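Each chain is listed here by its residues.
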Amino acid sequence: SMKLIVGLGNPDKKYENTFHNLGFLTIDKIAENYSVKVEKQACKALISSFSVGTEKVILAKPQTYMNLSGESVLDLLNYYKISPEDLMVIYDDYDLKKGAVRIRKSGSAGTHNGMRNIVNLIKTQEFKRVRIGFNPGNKNIELINYVLSGISAEDKKVLTPAIEKSANSAIAFIEGKDFDFIMRTYNYSGDDN
């Protein structure tokens, strides 16, 4: 069988070090684990395809704008004939505390534009998702400015473990671990930092 791991982000250079790129950063971490590069162009994404034992794996970073991420995900699922239950999407979530990781088997898209587009286009909510929180807990910050603001050294301290946990949850998924075990092991409230 085949698994598709998608990290959401924005392709523009100027967004590289922003919260909206937490999905891309996680894909890079997973790629590092398998010593692969995510640089081949396919299905409106940069991808890497490789095998882990008998499992084929596609890592993907959609290169559409965030709110059109679904176009790439739909293309990837169709092109590689992957079922949505073998799809995992990793993305930033303003509704979660900064540094928290929330892993689920399915569910609504919430407020995230990229996820909304994916759910609309692939017409199911039955796929795995990993959300990385970046809410600063400060109600006076306007969301749009904050999402695209740079990740500071202070933020990095909190987000690096979250990216690692997210990457490890994807690696466990790739390696066929039971998903309940994955949720128990890698869900993280972000509270011990």
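Residues numbered from 1 in each chain as written. Predicted model: local features only at pLDDT ≥ 70, side-chain atom pairs only at ≥ 80, totals over all residues. Heavy atoms only, no water.

## So, the overall build of the protein
(1) Moving on: A tally of helices and strands in the protein yields 6 helices and 7 strands.
(2) Moving on: If you list the helices and strands of the protein from N to C, you get β-α-β-β-β-α-β-β-α-β-α-α-α.
(3) Moving on: Rg of the C-alpha trace for the protein: 15 Å, near the compact-globule value of 16 Å for 193 residues, within the 12% margin.
(4) Moving on: In terms of overall dimensions, the protein has a C-alpha envelope of 45 × 30 × 30 Å along the principal axes. (Helix = DSSP H or I, 4+ residues; strand = E, 2+ residues; numbered from the N terminus. Rg over C-alpha atoms; globule rule 2.2 N^0.38 Å.)

## A short note on the layout of surface pockets
(1) Moving on: Within this model, the largest pocket holds a volume of roughly 470 Å³.
(2) Moving on: Residue lining of the largest pocket: 28 residues in total, with His20, Asp92, Thr111, His112 and Asn113 positioned closest to the centre.
(3) Moving on: Top contributing element to the lining of the largest pocket by residue count: strand β5 (residues 87-97), with 5 residues.
(4) Moving on: Across the lining of the largest pocket, the residue classes break down as 11 nonpolar, 11 polar and 6 charged.
(5) Moving on: Along its surface, the second largest pocket is lined by Asn10, Pro11, Asp12, Lys13, Glu16, Asn21, Phe24, Leu25, Asp28, Leu46, Lys61 and Gln63. (1 Å grid on protein atoms, 1.4 Å probe; cavity = no way out; pocket = protein on both sides within 12 Å on 5 of 7 lines; lining within 4 Å. Points joined across faces, edges and corners; volume = space filled by probe spheres on them. Nonpolar A, V, L, I, M, F, W, Y, C, P; charged D, E, K, R; others polar.)

## Some details on the sheet that holds strand β6 (residues 101-104)
What holds strands together in a sheet is hydrogen bonding between their backbones, with the strands either parallel or antiparallel.
(1) Moving on: Spatial ordering of the open sheet is given by β2-β3-β4-β1-β5-β7-β6, a layout of 7 strands whose pairing is mixed. Both edges of this open sheet fall to β2 (40-42) and β6, since each of them pairs with a single strand only. Across the sheet, the axes of successive neighbouring strands diverge by a mean angle of 30°, strand direction being ignored.
(2) Moving on: Where β2 meets strand β3 (residues 45-52), 3 bridges bridge the pair, whose relative direction is antiparallel. Looking at β3, one finds that Lys40 is bridged to Ile47.
(3) Moving on: Against the sheet, helix α5 (residues 153-174) touches β1 (2-7), β3, β4 (55-62), β5, β6 and β7 (128-135), its axis set at about 180° to β7. (Pairing = 2+ DSSP bridges. Axes fitted to C-alpha atoms, helices over the stretch in contact; angles between N-to-C directions. Contact = heavy atoms within 4.5 Å.)

## Brief notes about the pairing of β5
(1) Moving on: Most of β5 is tucked away, with 9 of its 11 residues classed as buried.
(2) Moving on: In the sheet, β1 pairs with β5 via 4 bridges, with the strands oriented parallel. In the strand pairing of β5, Val6 is matched with Val89.
(3) Moving on: With 7 bridges connecting them, β5 and β7 associate as parallel partners. Note that in β7 the partner of Ile90 across the bridge is Val130. (Buried < 20%, exposed > 50% of the residue type's maximum accessible area, 1.4 Å probe, protein only.)

## What about the environment of Gly114?
(1) Moving on: Here Gly114 lies in helix α3 (residues 113-122).
(2) Moving on: Residue classification places Gly114 among the buried positions, given a relative accessible area of 0%.
(3) Moving on: With 102 residues separating them in the primary sequence, Gly114 and Asp12 have C-alpha atoms 15 Å apart.
(4) Moving on: Excluding its chain neighbours within four sequence positions, the residues that come into contact with Gly114 are Leu8, Met66, Asn67 and Ser69.

## As for unusual backbone geometry
(1) Moving on: Despite not being glycine, Lys44 shows a phi value in the positive range, around 60°.
(2) Moving on: When you line up the elements, Lys44 lands in the loop between β2 and β3.
(3) Moving on: Owing to a relative accessible area of 42%, Lys44 belongs among the partly exposed residues under this scheme.
(4) Moving on: Despite not being glycine, Lys81 has its phi angle at roughly 50°, a positive value.
(5) Moving on: For Lys81, a relative accessible area of 74% translates into the label exposed.

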